[in-house]
Amino acid sequence: GEIINAIRGESQADIRVKHEAGEEMAMISIKGTQQQVDHAVSLIEGRIKSVSDERGPPWESKVIEVPKECIGETIGHGGCNLQVMSDKSGCKVRFVKATEVNPEEPEGKQVCLIKGPPDKLLVAEMLVNERVAEVQQIHINKRLKSLQEQRELLEK
């Protein structure tokens, strides 16, 4: 809010910003005289360019297919596992409806979407795949234990 307020003050334009939490894009509306609007646009574009320069290369995306039965445990309670993966990799890791990435995908399907600097995507992908492998191993161990218990009951 501080930067946009400074731009409002300098340009004397009425600037409104609509931004939803977690969204990459925001909607900016500017009202005023042509000179005020042009000045505000110039200041906003300058700010966007300076922030882009500070951040380095543009972020890229990677989609990972995760078996449906592993999604919940991969995410973790309240998203705790995703947060750890995001913190360790420097990327945003989340699950989205597959149709958001590819409209051809079936309804209800979810995929893991990783967004981040190109040089960090591989780390995030590795962390997701490691967690999925852990979850799959947990499922295998549970099935083996159940089968062993059934076998023991039959032998009695």
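Every chain is numbered on its own, with residues counted from 1 as its sequence reads. Local features are withheld for residues below a pLDDT of 70 in this predicted model, meaning they are given only at 70 or higher, and side-chain atom pairs are given and counted only at 80 or more; totals for whole chains, interfaces and linings count all residues. With hydrogens and water excluded, all non-hydrogen atoms of the structure serve as input to the side-chain values.

## Quick notes on the overall build of the chain
Applicable threshold: For helices the rule is a DSSP run of H or I covering at least 4 residues; for strands it is a run of E covering at least 2, with both sets numbered from the N terminus onward. With the radius of gyration taken over C-alpha atoms, the globule rule is written as 2.2 Å times the number of residues to the power 0.38. Two residues form a contact once any of their heavy atoms are found within 4.5 Å. Areas reported as accessible are Shrake-Rupley estimates using a 1.4 Å probe. Residue values count occlusion only from the protein chains shown. When charges are counted, Lys and Arg contribute as positive and Asp and Glu as negative, whereas His and the chain ends are disregarded. Positions of charges follow a simple convention, taking NZ of Lys, CZ of Arg, CG of Asp or CD of Glu.
A tally of helices and strands in the chain yields six helices and five strands. Taking 2.2 N^0.38 as the reference for a compact globule, 156 residues should give roughly 15 Å; the C-alpha atoms of the chain span a radius of gyration of 24 Å, well beyond that estimate. Its C-alpha atoms give the chain principal-axis dimensions of roughly 90 × 30 × 30 Å. The contacts in the chain between residues at least 6 apart in sequence include a share of 53% that link residues at least 24 apart. With an accessible surface of roughly 11,300 Å², the chain has 53% of that area assigned to carbon and sulfur atoms. In the chain, 22 side chains carry a positive charge and 26 a negative one; their mean positions are 4 Å apart.

## Remarks on helix α4 (residues 80–89)
Let me state the cut-off plainly: Exposure categories follow from relative accessible area, calculated using a 1.4 Å probe and restricted to protein chains: below 20% of the type maximum is buried, above 50% is exposed, and the middle band is partly exposed. This arc describes the spread of directions from the helix axis toward the C-beta atoms.
Turning to α4, its buried residues number three or more, namely Asn 81, Leu 82, Met 85, Ser 86 and Ser 89. The buried residues of α4 all sit within an arc of 135° when viewed along its axis, so they share a single face. Residues of α4 that are exposed and angled more than 90 degrees away from the buried face: Asp 87 and Lys 88. Considering only its buried residues, α4 is in contact with α3 (71–75), β4 (92–97) and α6 (121–155). Of the residues flanking the end of α4, it is Gly 90, one or two places downstream, whose phi is positive at about 80°.

## Here we look at the environment of Ile 75
As for its position among the elements, Ile 75 is in helix α3. Of the residues examined, Ile 75 reaches a relative accessible area of 22% and is grouped as partly exposed. A sequence separation of 57 residues divides Ile 75 from Val 132, and the C-alpha atoms of the two residues are 9.6 Å apart. Those residues in contact with Ile 75, other than ones at most four positions away along the chain, are Cys 80, Asn 81, Leu 82 and Phe 95.

## Let's talk about the nonpolar core
If you look at soluble globular proteins, the nonpolar side chains tend to sit buried side by side. What counts, and what does not: The nonpolar core is taken to be a set of buried Ala, Val, Leu, Ile, Met, Phe, Trp, Tyr and Cys residues, with the residues joined through side-chain atoms within 4.5 Å.
Residues Val 66, Val 93, Cys 112, Ile 114 and Val 128 are the most contacted members of the largest nonpolar core, which totals 17 residues. Within the residue set of this core, elements represented by two or more residues are α4, β4, β5 (110–116) and α6. When residues of this core are assigned to their parent elements, the largest contribution, six residues, is made by α6. With near-sequence residues (within four places) excluded, Val 93 lies in contact with Leu 82, Met 85, Ser 86, Cys 112, Leu 113, Ile 114, Ala 124 and Val 128. Membership of the second largest hydrophobic core comes to six residues, among which are Ile 4, Ile 7, Ala 13 and Ile 44.

## Let's talk about the pattern of salt bridges
Applicable threshold: Put simply, a salt bridge is a Lys or Arg side-chain nitrogen that is within 4 Å of an Asp or Glu carboxyl oxygen.
Summed over the entire model, instances satisfying the criterion amount to six salt bridges. Of the charged contacts, one joins Asp 14 and Arg 16 as a salt bridge, the two residues approaching to 3.6 Å between their closest N and O atoms. Among the residues examined, Asp 14 registers a relative accessible area of 31% and is labelled partly exposed. Its salt-bridge partner being Glu 105, residue Lys 109 comes within 3.0 Å of it at the nearest N-O pair. Taking relative accessible area as the criterion, Lys 109 reaches 24% and is therefore assigned partly exposed. Each of Glu 65, Glu 105 and Lys 109 takes part in salt bridges that share partners, so that together they form one network.

## Focus on the confidence of the model for the chain
As a reminder, the rule being used: Looking at any residue, its pLDDT shows the predictor's confidence there, from 0 to 100.
Overall, the prediction assigns the chain a mean pLDDT of 91, with 94% of residues at 70 or greater. When pLDDT is averaged over each element of the chain, α3 comes out on top at 96 and helix α2 (residues 34–55) at the bottom at 84.

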